Each structure stands twice: as structure tokens, then as C-alpha cells.
Amino acid sequence: SLGLCGFTFWSQDTGGFVGSPTDDLYIRWTQCSTFQSHFRYHGTGPRYREPWNYEIETQEIVKKYLNLRSQLAASVGLPLLCPLVLEFQTDPNVYNIEDQFLCGRNLLIAPILTKENTRNIYIPEGIWYDYWTSEKLTGPKWISKTSNLDTIPIFIRAGSILPLGP
């Protein structure tokens, strides 16, 4: 909703500012933050939010997403983190979806926000491809998706060019 109000650059304290996030929560939060305009690991002790304060396996997964972030190219104009309703204004199914978003206009991001590693995802109108498996999906439709801890559900709009840096 902040993107709709003109806040183009928005993020949060990845990992939460207070408390001690588990490794799983830290990974999921990093995955979501990867696609925001900026993000910061920022929080109080006893477990500060720098990646090296977490398990080696957690560090490897976080590194994967930090590398992906550095490879993505972005253009100017719309907010980087774009609510679905901005792109699909005539689709009433997207009016109240607050837990998935577009990164730019062609990457659909659906963060896992529960310990179950499963969520329902709305695939908007058109053809979309699962970033990780290349599975073709045609929307509009709802799907149920289970993703292991090192994977955030990402879908690419058909016909997109996804420039990745080295």
C-alpha cells in the first residue's frame, strides 16, 4: 500500500529489530527483502542480524539471494515493489492480496510467511513461468505451492527479458 501512496523506496529491518529470529525466519525475511528497493539487516542483540551470526547453511542460502539481488537490473518509473492491483486493476482477485507482489512488472514474488513452507499463490492473467523449475502456468488461477527453505516462489511473465548481471 505504501507503493500506491508514492513511496517508491520502502523496506524494513530484515530479521526484525527486536527479539532473536530463528534461522528459518531470517532466511524467509531475506528472501522477501531481496526484491525491495533497499534492505538492511538491522536489529538488537543478543543475536545481531549480520549473516555470519547464523548457521553456515543459513549463510549459504542468504548468499544465494544477495547474489540474485546484485544480478537483477531495474528500470525507473513504477515502484520496484509493486502491488498486484497496480498492474492488474480490472482483476478483483488482486484487490486484497497483500502478501505477494511484483518486482518491476514481470517478476511475481510470493514469499513464504509461515513455518509450513506452503502457501496459496494467485497467478494473474497471462502466462507465467516458475523461475526455479520453468513450469508454465496460465492465469488467472490460484495454486498451492510448497517450497523448501532455500526457495522463494518467483514467477516470470511470459515474453519478459530478464537481464542478469555476472
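The coordinates are above.
These figures come from a predicted structure and were not determined experimentally. Within each chain, residues carry numbers counting from 1 in the order of the written sequence. Where totals are concerned, whole chains, interfaces and linings use all residues; where local detail is concerned, this predicted model gives features only for residues with pLDDT of at least 70, and gives and counts side-chain atom pairs only at 80 or more. Calculation of side-chain values draws on the structure's entire complement of heavy atoms; hydrogens and water are dropped beforehand.

A. Representation of the sheet that holds strand β3 (residues 81–83) within the structure. DSSP bridges decide pairing: two strands pair if at least two such bridges lie between them. Secondary structure counts use DSSP, requiring at least four H or I residues in a row for a helix and at least two E residues in a row for a strand, with both numbered from the N terminus. With respect to topology, 6 strands assemble into an open sheet ordered β3-β4-β5-β8-β6-β7, the strand pairing being antiparallel. Single-partner strands in this sheet number two, and they are β3 and β7 (136–146). The sheet shows a mean angle of 25° between the axes of neighbouring strands, taken without regard to direction. Taken together, the 10 bridges between strand β6 (residues 118–130) and β7 define a ladder with antiparallel strand orientation. Across the sheet, Thr-118 pairs through a bridge with Thr-146, a residue of β7. To get an axis, a line is fitted to the C-alpha atoms, and for a helix only the part in contact is used. The angle between two axes follows their N-to-C directions and goes from 0 to 180 degrees.

B. Main features of helix α2 (residues 56–71). In this scheme, a helix's expected span is set at 1.5 Å multiplied by one less than its residue total. When the terminal C-alpha atoms of α2 are compared, their 23 Å separation across 16 residues agrees well with the 22 Å that a helix rising 1.5 Å per residue should span. Throughout, exposure labels follow a simple rule: accessible area from a 1.4 Å probe, protein chains only, divided by the maximum for the residue type, with under 20% read as buried, over 50% as exposed, and the rest as partly exposed. When we look at burial in α2, the residues that qualify are Thr-58, Ile-61, Val-62, Tyr-65 and Leu-68. Seen from one end, α2 has its buried residues packed into an arc of 115°, which puts them on one side. In α2, the exposed positions angled more than 90 degrees off the buried face are occupied by Ile-56 and Ser-70. Each element contacted by the buried residues of α2 is listed here: α1 (23–33), β2 (40–41) and β8 (154–157). What the arc describes is the spread of directions from the helix axis to the C-beta atoms. In this description, contact between two residues means that some pair of their heavy atoms is separated by no more than 4.5 Å.

C. Broad picture of the pattern of salt bridges. For this analysis, a salt bridge means a side-chain nitrogen from Lys or Arg found within 4 Å of a carboxyl oxygen belonging to Asp or Glu. Applying the stated criterion across every chain, the model contains 7 salt bridges. For Arg-40, the salt bridge identified is with Asp-13, shortest N-O distance 2.7 Å. With Arg-40 in strand β2 and Asp-13 in strand β1 (residues 13–14), the pair connects residues that are 27 residues apart, well separated along the chain. For Arg-40, a relative accessible area of 38% corresponds to the partly exposed category. Between Asp-130 and Lys-145 there is a salt bridge, with its nearest N and O atoms 2.7 Å apart. In this pair, Asp-130 is assigned in strand β6 and Lys-145 in strand β7, connecting sequence segments 15 residues apart. In this pair, the class of Asp-130 matches that of Lys-145, namely buried. In the salt-bridge network here, residues are joined through shared partners; they are Glu-87, Arg-105 and Arg-157.

D. Representation of the environment of Ile-56 within the structure. Structurally, Ile-56 is set in helix α2. Taking the C-alpha atoms as reference points, Ile-56 and Cys-103, 47 residues apart in sequence, are found 28 Å from one another.

E. Seen up close, the pairing of β8. Both faces of β8 are covered, namely the face carrying Ile-154 and Ile-156 and the face carrying Phe-155 and Arg-157. Sheet analysis places strand β5 (residues 107–109) next to β8, joined by 3 bridges and oriented antiparallel. By the bridge assignment for β8, Leu-108 is matched with Phe-155.

F. Examining the nonpolar core more closely. Ranked by internal contacts, the top residues of the largest apolar core, which has 15 residues, are Leu-102, Leu-108, Ile-123, Trp-128 and Phe-155. Secondary structure elements with two or more residues in this core: β6 and β7. At 4 residues, the largest contribution of residues to this core is made by β6. The residues contacting Trp-128, other than those within four sequence positions of it, are Phe-88, Leu-102, Asn-106, Leu-108, Ile-123, Glu-135, Lys-136, Leu-137, Phe-155, Ile-156, Arg-157 and Ala-158. Here, nonpolar core means buried Ala, Val, Leu, Ile, Met, Phe, Trp, Tyr and Cys residues that are tied together by side-chain atoms lying within 4.5 Å of each other. Listed in part, the 14 residues of the second largest apolar core include Ile-61, Tyr-65, Cys-103 and Ile-156.

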